[in-house]
Amino acid sequence: MTDFIIKRDGSKVKFDKTKLEKWASWASNNEVEWEPVLEDAINRCPNGVTTKDFHKALIDACLDTKDFYSVRMAGRLLLGQLYKDVFGDFSNKLPVKYFYKSMVSQGLWEDLKYSDGELDYLENIIDHSKDFKYEYVTIRQCIDKYLLKDKISKKIYETPQYMFLGMAMATMKDMPKERKLKDVEKLYNYLSDLKINAPTPLMNALRTSFKGYASCCVIKSDDTAPSINAAIDAAYTFTTAQAGIGVYLDTRSVGDPVNNGRTVHSGKLPYYRYLDAAVRSSKQGERSGAATVYYPVLDPELSDLIKAKNIKTPDQKRVNFVDYSLQTNSFFWDKVCKKDKWMLVSRYYAPKLYELFFSADLKGFEEEYVRVLKEESIPKKIVNALDVAKEFCVTRQESGRVYPAFVDEMNRHTPFKETIYSSNLCCEVLLPTKGIKNSGKLYEYSEDSGEIAMCFLSAIVLERVTEEEYEDVAYYTTLMVDKTIDEMVYPYDSVRYTSTRRRNIGIGLTNLACDLATKGLSYTTKEGRDYIHKVAERHEYYLHKASLRLAKEFGVAEWIDKTKYVDGWLPIDTMKDLSFVDVDQTLHYDWETLRKEIKEVGGIRNSVLSANMPVESSSQVSNTTNGLYPVRDLFIIKKSGSNTNAFFSPHYEDLATRYSYEFAYDIPTERLLEVYAIVQKFTGQGISGDTYLDLTKNKMSLKQSIKEMVYASKLGLKTLYYSNSKTEKKMEQEESDCTACKL
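Note that the coordinates shown come from a computational prediction; the quantities given were computed from them, not determined experimentally.

*Asks:* Help me out: how do you make sense of the nonpolar core in this one?
*Replies:* Across soluble globular proteins, nonpolar side chains show a tendency to be buried alongside one another. Membership of the largest hydrophobic core comes to 249 residues, with the highest contact counts inside it found for Met169, Phe238, Trp342 and Ile452. Element by element, the count of residues in this core is highest for helix H4 (residues 68–87), at 11 residues.

*Asks:* Even after reading the chapter, I still don't get the environment of aspartate 567, so can you show me in this structure?
*Replies:* Tracing the backbone through its elements, the reader meets aspartate 567 in the loop between helix H22 (526–554) and helix H23 (571–574). Filtering out sequence-adjacent residues up to four positions away, aspartate 567 remains in contact with Lys417 and Lys599.

*Asks:* Is there a simple way to think about unusual backbone geometry in this case?
*Replies:* Backbone geometry follows two general trends: most residues other than glycine have a negative phi, and most peptide bonds adopt the trans configuration. Phi at lysine 339 is positive, roughly 55°, even though this residue is not glycine. Along the polypeptide, lysine 339 turns up in the loop between helix H14 (330–338) and strand E13 (341–344). You will see that cysteine 427, though not glycine, has its phi angle at about 70°, which is positive. Tracing the sequence through the fold places cysteine 427 in the loop between helix H18 (407–412) and strand E16 (453–461). On the basis of relative accessibility, which here comes to 0%, the residue cysteine 427 falls in the buried class.

*Asks:* Sorry if this is basic, but what is going on with helix H20 (residues 493–502) here?
*Replies:* An α-helix turns once per 3.6 residues; consequently, residues spaced three or four apart project the same way. Taken across its 10 residues, H20 has 7 buried, putting it largely inside the fold. Listed in full, the buried residues belonging to H20 are Ser494, Val495, Thr498, Ser499, Thr500, Arg501 and Arg502. One or two positions beyond H20, positive phi appears at arginine 503, with a value near 60°.

*Asks:* Can you help me understand the side chain of glutamine 397 in this one?
*Replies:* Inspection of the secondary structure assignment puts glutamine 397 in helix H17 (residues 385–399). At 2.7 Å, the side chain of glutamine 397 and the side chain of serine 725 are in polar contact. Beyond its immediate stretch of four places on either side in the chain, glutamine 397 contacts Leu693, Met700, Ser705, Ser723, Asn724 and Ser725.

*Asks:* What's the story with the environment of leucine 302 in this structure? I'm lost.
*Replies:* Relative to the elements of secondary structure, leucine 302 occurs in helix H13 (residues 302–307). Between the C-alpha atoms of leucine 302 and leucine 548, which are 246 residues apart in sequence, the distance is 44 Å. When sequence neighbours within four positions are dropped, the list of residues in contact with leucine 302 reads Tyr295, Pro296, Val297, Leu326, Leu344 and Val388.

*Asks:* Whenever I open this one, the sheet that holds strand E2 (residues 12–14) confuses me. Can you help?
*Replies:* Strand pairing in a sheet relies on backbone hydrogen bonds. The paired strands run either parallel or antiparallel. Pairing is mixed across the open sheet formed by 3 strands, whose spatial order is E2-E1-E3. Because the sheet does not close on itself, it has two edges, and the strands there are E2 and strand E3 (49–50).

*Asks:* How should I be thinking about the pattern of salt bridges in this particular structure?
*Replies:* Where charged atoms from two side chains of opposite charge come close, those side chains can pair. One pass over the full model with this rule turns up 65 salt bridges. Arginine 529 serves as the salt-bridge partner of glutamate 674, at 4.0 Å between the closest nitrogen and oxygen. Of this pair, glutamate 674 sits in helix H27 (residues 669–680) while arginine 529 sits in helix H22, and the two are 145 residues apart along the sequence. The residue aspartate 573 makes a salt bridge to arginine 595 at a minimum N-O spacing of 2.7 Å. You can see aspartate 573 sitting in helix H23 and its partner arginine 595 sitting in helix H24 (residues 591–601), a full 22 residues away along the chain. Residue classification places aspartate 573 among the partly exposed positions, given a relative accessible area of 39%. Accessibility expressed as a relative area gives 16% for arginine 595, which makes it buried. Each of Lys220, Asp222, Asp223, Asp250, Arg252 and Arg347 takes part in salt bridges that share partners, so that together they form one network.

*Asks:* For this particular structure, what's the right way to read the pairing of strand E17 (residues 505–510)?
*Replies:* Remember that side chains alternate between the two faces of the sheet whenever the strand is regular. With 6 of its 6 residues buried, E17 lies for the most part within the structure. Here E17 shows two buried faces, one formed by Ile505, Ile507 and Leu509 and the other by Gly506, Gly508 and Thr510. Strand direction decides the pairing type here: E16 and E17, joined by 6 bridges, are parallel. Of the residues in E17, the one forming a bridge with phenylalanine 456 is isoleucine 505.

*Asks:* Any chance you could explain a positive patch on the surface here in plain terms?
*Replies:* On the surface, Lys7, Lys19, Lys22 and Lys84 cluster together into a patch of positive charge. Following the sequence through the fold, lysine 22 ends up in helix H1 (residues 17–28). Note on lysine 22: relative accessible area 65%, which makes it exposed.

*Asks:* For this particular structure, what's the right way to read the packing of aromatic side chains?
*Replies:* A ring pair, where both rings are aromatic, is described by two values, the distance of the centres and the angle of the planes. A complete count under the given rule lists 47 aromatic pairs for this structure. Between tyrosine 272 and tyrosine 324, the ring centres sit 5.9 Å apart and the planes meet at 50°, which makes this aromatic pair tilted. Of this pair, tyrosine 272 sits in helix H12 (residues 269–280) while tyrosine 324 is found in strand E12 (residues 323–328), placing the two residues 52 residues apart along the sequence. Given the relative accessible area of 0%, tyrosine 272 is considered buried. Under the relative-accessibility criterion, tyrosine 324 is labelled buried at 0%. When the ring of tyrosine 475 is compared with that of tyrosine 476, the centres are 5.0 Å apart and the planes differ by 85°; the resulting orientation is edge-to-face. No difference in accessibility class separates tyrosine 475 from tyrosine 476, as the two residues are buried.

*Asks:* For this particular structure, what's the right way to read the packing of helix H11 (residues 225–240) against H12?
*Replies:* Two quantities define a packed helix pair, namely the angle between the axes and the distance from one axis to the other. H12 packs onto H11 with a crossing angle of 25° between their chain directions and a minimal axis gap of 8 Å. The orientation of H11 relative to H12 falls into the category roughly parallel. Here H11 and H12 pass one another in a crossing that is right-handed. Residues Ile228, Asn229, Ile232, Ala235, Tyr236 and Thr239 of H11 pack against Tyr271, Tyr274, Leu275, Ala278 and Val279 of H12.

*Asks:* Looking at this structure, I do not really get helix H16 (residues 362–374). What am I missing?
*Replies:* With 13 residues, H16 extends 18 Å from end C-alpha to end C-alpha; this agrees with the ideal 18 Å at 1.5 Å per step. Among the residues making up H16, those that are buried are Gly364, Phe365, Glu368, Tyr369 and Val372. Along the long axis of H16, the arc covered by the buried residues comes to 135°, so they all point the same way. Opposite its buried face, H16 presents the exposed residues Lys363 and Lys374, each directed more than 90 degrees away. Against the buried residues of H16 lie H14, E13 and helix H15 (351–357).

Analysis parameters
- Residues numbered from 1 in each chain as written.
- Predicted model: local features only at pLDDT ≥ 70, side-chain atom pairs only at ≥ 80, totals over all residues.
- Heavy atoms only, no water.
- Core = buried A, V, L, I, M, F, W, Y, C linked by side-chain atoms within 4.5 Å.
- Buried < 20%, exposed > 50% of the residue type's maximum accessible area, 1.4 Å probe, protein only.
- Helix = DSSP H or I, 4+ residues; strand = E, 2+ residues; numbered from the N terminus.
- Contact = heavy atoms within 4.5 Å.
- Polar contact = N/O pair within 3.5 Å; in protein donor to acceptor, adjacent residues only side chain to side chain.
- Pairing = 2+ DSSP bridges.
- Salt bridge = Lys/Arg side-chain N within 4 Å of Asp/Glu carboxyl O.
- Patch = residues over 30% accessible without salt bridge, like charges linked within 9 Å, V, L, I, M, F, W, Y side chains within 5 Å.
- Areas by Shrake-Rupley, 256 points an atom, 1.4 Å probe, with all protein chains shown as cover.
- Lys, Arg positive; Asp, Glu negative; His and termini not counted.
- Charge placed at Lys NZ, Arg CZ, Asp CG, Glu CD.
- Phe/Tyr/Trp six-rings, centres within 6.5 Å; stacked < 30°, edge-to-face > 60°.
- Axes fitted to C-alpha atoms, helices over the stretch in contact; angles between N-to-C directions.
- Parallel < 35°, antiparallel > 145°, perpendicular 65-115°, else oblique.
- Left-handed = near helix turned anticlockwise from the far one by under 90°.
- Expected span 1.5 Å × (residues − 1).
- Arc of directions from axis to C-beta.

This is the structure in structure tokens:
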């Protein structure tokens, strides 16, 4: 029995159940019977419990029911607690002017140079009532990961509406006076209405003095010790900057001569261990940093590299904390289908072959492959292509985190003229890179400095953005991300130089599963595929219009001449013909007029515009299904570090929508690959495409796995990401390792 309770000021008062009944009744919003929940909470609490702990018990009692309306009640209770922590009460909300000045004076927000008159205007646009329309998942994730707080005292300084307003204010702080406030209003509304899914770096930092905005980092080394060291040095530095890391160490193989044969090369695994230690030495949020390492299917060390993540591999050959991606091309997969032999040869002995491997010139690659194969003086190893594919597919299925990359398609269907070697941690960012000569070159730019590629991400929320407003939402999303390129504080001058000249961005799609469900459409039907084709085209078309508008307002990217845009290229020119897939490929937008305008202006604002990322952490703020993925279940407990969150699929309360959701493990992999391929037709970069296998219903089939890889190559996919296996019924989902691009 609870006789007394301890208030926030430390005073002890008699337990008054009637006050709690009013609080529970308000939070229930007449949607749930609150009396049993309140009794459960009271029974959980010892005598002398604090009001804050009792409040938590009430929230926990709601959550434990796993009932949609009870969890919604938990959200209102949690919001009430947040408002008490920040304002003292619901009725004591600080006006924008005083809140802004307080945050600046405490050093929590940067001084964005807004006048009192401008702040008064913003007071009229902020809408605190939106907080009360958010579901529990949104409020919980904001509190746990995004609202500014003192990590020691746990004091929280913001509410969601102030976070969104601050992000909009920071984005538009230098806009022309005549449009500045209207731009703030537009962006604030799109963010707070959860139509734009902003990435983790922006929600964490955009309004503060911390300027680490980039989501992803792609690094390449050359075949020298100083270059390898520089690449790993950069990987460490960008891990501390919260970016997702992808690395390709373009180095010779084990047993190759070094210094004219005075030394024998020790191979790639020691460098992978060095890289692993570097990125895991620092934390990103509550978990250690992570990287995906890329290696080519030509490498003589191939078997060891494929097995490096397998728990059955001996310790001396296992480096299992980094993830891996096998770089392949369609020539290799053709060899697999024909059960032909496959040649492994070091880049040291066949540099031209490697150069052609990372290109769209398959004919040239095949000719050089045959030449090297016939050249008896070149050391090589001959294996069965099918055995390589089997080994890869087994490791991919067992670990879930060994990924395929299709480098010929990366370099064919792209706006870039320069070579793309690899991707980032989550396999959706595909940008040109060059090996860094040495660590000193990181701090200055010159023609031989090399290039580390950076990408700045965000996503547009399907189902919430209408056809009529899509162009405007695309513009403000692109504007927000483009602005951060100039605002970011880069750890290296060389990276600032290249990033601000390329202006690479990746605006993706998210909430596709919800969008399909609300319309009664399926991932597996022609009607669903036709709709996805239209959605993907619309997205890319309006991103191009947005970047063209920004080019007119602020100028084209300085390095636009390094892209095909100056030649009039558009993604519709190199998109894959999917006539073998049952989908209507009719185009619905005026691409030719757009092409003409782009040529007249001399290009667009950004070198590349789109990428489709996992959208995990930030999707909990927007309360959306992840990226392009189908849902795993209608209710999931999402985990991130020590935090958990309760997520119901959007519109769960609507029975028609609820029963229209398709589950990921029920969709044949080939049909899901076709959906990714439809989106990839229009996407300038890549897709973090997950696959799913229900081992409670089906045994893993190597033949089927290989068939899926061959089909992915035929479809024109550039990458795939996780291979997920279901071994028992679960309602839990772990976040991926990337704190940035997930988003």
